[in-house]
Amino acid sequence: MPDTSPKPKLPVVDQVSSGGVAFRKTELGTEIALISVGKPARWQLPKGIVDPGETPETTAVREVQEETGISTELLQKIDTIEYWYVGNKGQQRVRFHKFVHFFLLLYTSGDIEKHDWEVNEARWVSIKEAEQLLAFKSEKQMVATAREMIDTLHS
């Protein structure tokens, strides 16, 4: 007879990350910094966990610097995405309720080749190409919104 007893509910853990759409203007147009992570590799926006005592804005600038090797100036908030996933917290399986704050960041200096060890590759790509490469629909939408914001800044 199949087991029909209800499965125990996983504990819920809130998790807050922050990242950015870092951009620069070139003679070819607007480019943004993307990172490739994981195996199999996937392209995404740089982001990471907000550390205790840190603001989402500070985290965005720090994570972009660590994961891409570039320094940026924070311009404004783009939006926050929210989703759920199951993972491990220590030895325990939990449901994470994830919030990711994204900010528009202007490139000021640095070398994209100097990304950290967590990243397979960091690359400048045209904003149009970024929307094709990104693995997650929510991040594609973030770049589309960022593109509109950048156009407004420079009009």
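Quick caveat: nothing in here was measured; it's all calculated off a predicted structure.

Conventions adopted
Residues numbered from 1 in each chain as written. Predicted model: local features only at pLDDT ≥ 70, side-chain atom pairs only at ≥ 80, totals over all residues. Heavy atoms only, no water. Core = buried A, V, L, I, M, F, W, Y, C linked by side-chain atoms within 4.5 Å. Buried < 20%, exposed > 50% of the residue type's maximum accessible area, 1.4 Å probe, protein only. Helix = DSSP H or I, 4+ residues; strand = E, 2+ residues; numbered from the N terminus. Contact = heavy atoms within 4.5 Å. Pairing = 2+ DSSP bridges. Lys, Arg positive; Asp, Glu negative; His and termini not counted. Salt bridge = Lys/Arg side-chain N within 4 Å of Asp/Glu carboxyl O. Polar contact = N/O pair within 3.5 Å; in protein donor to acceptor, adjacent residues only side chain to side chain. Phe/Tyr/Trp six-rings, centres within 6.5 Å; stacked < 30°, edge-to-face > 60°.

**Quick word on the nonpolar core**
Core analysis: the largest hydrophobic core is formed by 20 residues, its most contacted members being I32, L34, L45, I78 and V143. For this core, the secondary-structure elements that each account for two or more residues are β1 (12-26), β2 (29-37), β5 (70-89), β6 (92-110), α2 (127-133) and α3 (137-153). Leave out the neighbours within four places in its chain, and L34 touches W43, Q44, L45, E121, A122, R123, V125, A130, L133 and L134.

**Some words on the pairing of β5**
Residues in a regular strand project their side chains so that they alternate between the two faces of the sheet. When β5 meets β6, the two strands line up antiparallel, connected through 18 bridges. Looking at β6, one finds that E82 is bridged to F99. Connecting the antiparallel pair β5 and β6 is a turn made up of two residues, with G90 showing a positive phi of about 65°.

**Points about the pairing of β1**
Taken together, the twelve bridges between β1 and β6 define a ladder with parallel strand orientation. Bridge pairing links F23 to L106 in β6. Across three bridges, the pairing between β1 and strand β4 (residues 47-49) is antiparallel. Of the residues in β4, the one forming a bridge with S18 is G48. Where β1 lies against β2, four bridges are found, and the strand directions are antiparallel. Pairing of K25 across the sheet is with T30, part of β2. Between β1 and β2, which pair antiparallel and follow one another directly, the connecting turn spans two residues.

**Here's the deal with the side chain of E67**
Within the secondary structure, E67 is located in helix α1 (residues 56-68). There is no salt bridge for the buried E67, and the closest opposite charge comes from K47, which lies 6.8 Å off by N-O distance. Of note is the side chain of E67, whose polar atom sits 3.1 Å from the backbone nitrogen of K47.

**As for the packing of aromatic side chains**
All told, the structure shown has three aromatic pairs when counted by the stated rule. Residues Y83 and Y85 carry aromatic rings whose centres are separated by 6.2 Å and whose planes lie at 35° to one another, so their mutual orientation is tilted. What makes Y83 partly exposed here is its relative accessible area of 33%. A relative accessible area of 30% means that Y85 is categorised as partly exposed.

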